[in-house]
Amino acid sequence: MDMNALPHAVLTGDLIGSTELTAKEMEAARESLLAAIALFVGTEGELVVGQIEFFRGDTWQVLLHTPAKALRLALFLRARLRAETTTDTRISIGIGTVSEIHPHRISLSRGEAFILSGHALDGMTGYFDLTAALPDRAGPLASWLPVVMHLCSGLARNWTKRQAEITWHALMSKYTTHESIAEHLMPPVRKQTVTESLRGANWRALQEPIVEFEQTDWKYVLNRHEMDK
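Criteria and thresholds
- Residues numbered from 1 in each chain as written.
- Predicted model: local features only at pLDDT ≥ 70, side-chain atom pairs only at ≥ 80, totals over all residues.
- Heavy atoms only, no water.
- Helix = DSSP H or I, 4+ residues; strand = E, 2+ residues; numbered from the N terminus.
- Rg over C-alpha atoms; globule rule 2.2 N^0.38 Å.
- Buried < 20%, exposed > 50% of the residue type's maximum accessible area, 1.4 Å probe, protein only.
- Contact = heavy atoms within 4.5 Å.
- Lys, Arg positive; Asp, Glu negative; His and termini not counted.
- Charge placed at Lys NZ, Arg CZ, Asp CG, Glu CD.
- Core = buried A, V, L, I, M, F, W, Y, C linked by side-chain atoms within 4.5 Å.
- 1 Å grid on protein atoms, 1.4 Å probe; cavity = no way out; pocket = protein on both sides within 12 Å on 5 of 7 lines; lining within 4 Å.
- Points joined across faces, edges and corners; volume = space filled by probe spheres on them.
- Nonpolar A, V, L, I, M, F, W, Y, C, P; charged D, E, K, R; others polar.
- Phe/Tyr/Trp six-rings, centres within 6.5 Å; stacked < 30°, edge-to-face > 60°.
- Axes fitted to C-alpha atoms, helices over the stretch in contact; angles between N-to-C directions.
- Left-handed = near helix turned anticlockwise from the far one by under 90°.
- Polar contact = N/O pair within 3.5 Å; in protein donor to acceptor, adjacent residues only side chain to side chain.
- Expected span 1.5 Å × (residues − 1).
- Pairing = 2+ DSSP bridges.

Student: Could you clarify how one ought to interpret the overall build of the protein in this entry?
Tutor: A count of helical and extended segments in the protein gives nine helices and five strands. When the elements of the protein are put in sequence order from the N terminus, they spell out β-α-β-β-α-β-α-β-α-α-α-α-α-α. Relative to the 2.2 N^0.38 estimate, which gives 17 Å for 229 residues, the radius of gyration of the protein is 17 Å and therefore close to what a compact globule would have. Counting every position in the protein, which comprises 229 residues, the buried fraction comes to 49%. When contacts within the protein are restricted to residue pairs at least 6 apart in sequence, those whose partners lie at least 24 apart make up 69%. A gap of 3 Å separates the mean positions of the 23 positive and 27 negative side-chain charges of the protein.

In structure tokens, the structure reads:
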């Protein structure tokens, strides 16, 4: 099977309030995103095609082999930025096929996943910082998925720096308990601090869509009419 015909996920984002950032703050945000991608890939596996690419000053894009970890990665990137820098990022997840991949310059790649992600980012209102888009053939899920992402956006919008720091650790699968998160923070904290911070960050509510996103058969979602024949 042509691997490009399988569902991919494209994350397109732009830095919030970028016109007010200094050159130093902008560079810190880019370095934070680069480091976050490297850390996530090192823990969760080789999910990213090529590298994250920055363009138009404040815009960036990442291509994933499969959509399963797209929501986890999106929240991870936002948490890292919120914990380490003075800014945040809007993110649009596009799920669909790709027709051409340029791993050394992802923005030159083509396909419906790229189109969906870009259009959804352009159409995002100021009420939300996270959205997603599916092709119409996905049926009712094409309407429901953006709604769920908007709810996730609301749950994550008011993270404090401490909550963001603890949440990005929780988003990594190697930290399976509150104790392990507490031990790996610098400096280490009490388990109760982790529990309270995750409660304030709406972690329990965010976990459910993350798990559902990862367990969804995206190939079936996008090809259900043909596969049900």
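Student: Could you clarify how one ought to interpret the nonpolar core in this entry?
Tutor: Side chains that are nonpolar tend, in soluble globular proteins, to be buried together. Ranked by size, the top nonpolar core spans 59 residues in total, and within it Leu-11, Leu-64, Leu-75, Leu-77, Ile-93, Ile-95 and Leu-130 carry the most contacts. The dominant element in this core, judged by the number of residues it contributes, is helix α2 (residues 70-84), at nine residues. In contact with Ile-93, other than residues within four places in its own chain, are Ala-9, Val-10, Leu-11, Ala-70, Leu-71, Ala-74, Ser-117, Leu-130, Thr-131, Ala-132 and Ala-133. If you look at the next biggest cluster of nonpolar residues, it comprises seven residues, including Val-10, Val-49, Leu-63 and Val-98.

Student: I would appreciate a short explanation of the layout of surface pockets in the present structure.
Tutor: Vacant regions in the atomic arrangement are exposed by a probe of water-molecule size rolled over the atoms. Each pocket or cavity is described by its volume, and for the largest pocket that value is around 240 Å³. Lining the largest pocket are 15 residues, and of these Ala-170, Tyr-175, Thr-176, Trp-203 and Gln-207 lie nearest its centre. Elements supplying a minimum of two residues to the lining of the largest pocket: α6 (178-184) and α8 (203-215). Ranked by residue count, the leading element in the lining of the largest pocket is α8, at five residues. Residues of the lining of the largest pocket, tallied by class, amount to eight nonpolar, five polar and two charged.

Student: Is there a simple way to explain the packing of aromatic side chains in this structure?
Tutor: Pairs of aromatic rings are described using the distance from one ring centre to the other and the angle between the two planes. Across all of its chains, the model carries three aromatic pairs by this definition. Seen from their ring centres, Phe-40 and Phe-76 are 5.3 Å apart, and the 45° between their planes marks the pair as tilted. Residue Phe-40 is found in helix α1 (residues 23-44), and its partner Phe-76 is found in helix α2; the two are separated by 36 residues along the sequence. A relative accessible area of 0% means that Phe-76 is categorised as buried. Here the aromatic rings of Phe-76 and Trp-168 are separated by 5.9 Å at their centres, their planes lie at 90°, and the arrangement is edge-to-face. Highlighted residues: Phe-76 in helix α2 and Trp-168 in helix α5 (residues 161-170), separated in sequence by 92 residues.

Student: What should I look at first to understand the environment of Leu-11 in this one?
Tutor: Looking at the secondary structure, you find Leu-11 in strand β1 (residues 8-15). Leu-11 sits 103 residues away from Phe-114 along the chain, and the two C-alpha atoms are 8.4 Å apart. The residues touching Leu-11, leaving out its near neighbours within four places in the chain, are Trp-60, Gln-61, Val-62, Leu-64, Ala-70, Leu-73, Ala-74, Leu-77, Ile-91, Ser-92, Ile-93 and Ser-117.

Student: Where do I start with the packing of helix α4 (residues 141-156) against α8 in this structure?
Tutor: Between two packed helices, the angle of one axis relative to the other and the distance separating the axes together describe the packing. Where α4 contacts α8, the axes come no closer than 10 Å and their chain directions differ by 145°. Regarding α4 and α8, the two cross each other, and that crossing is left-handed. Together, Leu-145, Val-148, Met-149, Cys-152 and Leu-155 of α4 and Ala-205, Leu-206, Pro-209 and Phe-213 of α8 make up the contact between the two elements. Taken together, the residues that form the contact of α4 with α8 break down as nine nonpolar, no polar and no charged.

Student: Honestly, the side chain of Asp-88 in this entry has me stumped. Any pointers?
Tutor: Along the chain, Asp-88 falls in the loop between α2 and β4 (89-96). There is a polar contact of 2.7 Å between the side chain of Asp-88 and the side chain of Arg-78.

Student: It is not clear to me how helix α3 (residues 112-123) should be interpreted in this structure. Could you clarify?
Tutor: Because each turn of an α-helix spans 3.6 residues, side chains separated by three or four positions end up pointing in the same direction. Counted at 1.5 Å a residue, the expected span for α3 with its twelve residues is 16 Å, and the 16 Å between its end C-alpha atoms agrees. Taken together, the buried positions of α3 are occupied by Glu-112, Ala-113, Phe-114, Leu-116, Ser-117, Gly-118, Ala-120 and Leu-121. Close packing links the buried residues of α3 with β1, β3 (59-64), β4 and β5 (130-133).

Student: How do you make sense of the sheet that holds β1 when you look at a structure like this?
Tutor: Think of a sheet as strands paired side by side through backbone hydrogen bonds, with each pair either parallel or antiparallel. The strand order across the open sheet built from five strands is β2-β3-β1-β4-β5, with neighbouring strands paired in mixed fashion. Of all the strands in the sheet, just β2 (48-55) and β5 have a single pairing partner and so form its edges. Within this sheet the neighbouring strands show an average axis-to-axis angle of 15°, counted without direction. Pairing analysis gives four bridges linking β4 to β5, with the strands arranged parallel. Note that in β5 the partner of Ser-92 across the bridge is Thr-131. Here α1 sits on the sheet in contact with β1, β2 and β3, set at roughly 175° to β2.

Shape is all these values report; function is a separate question.
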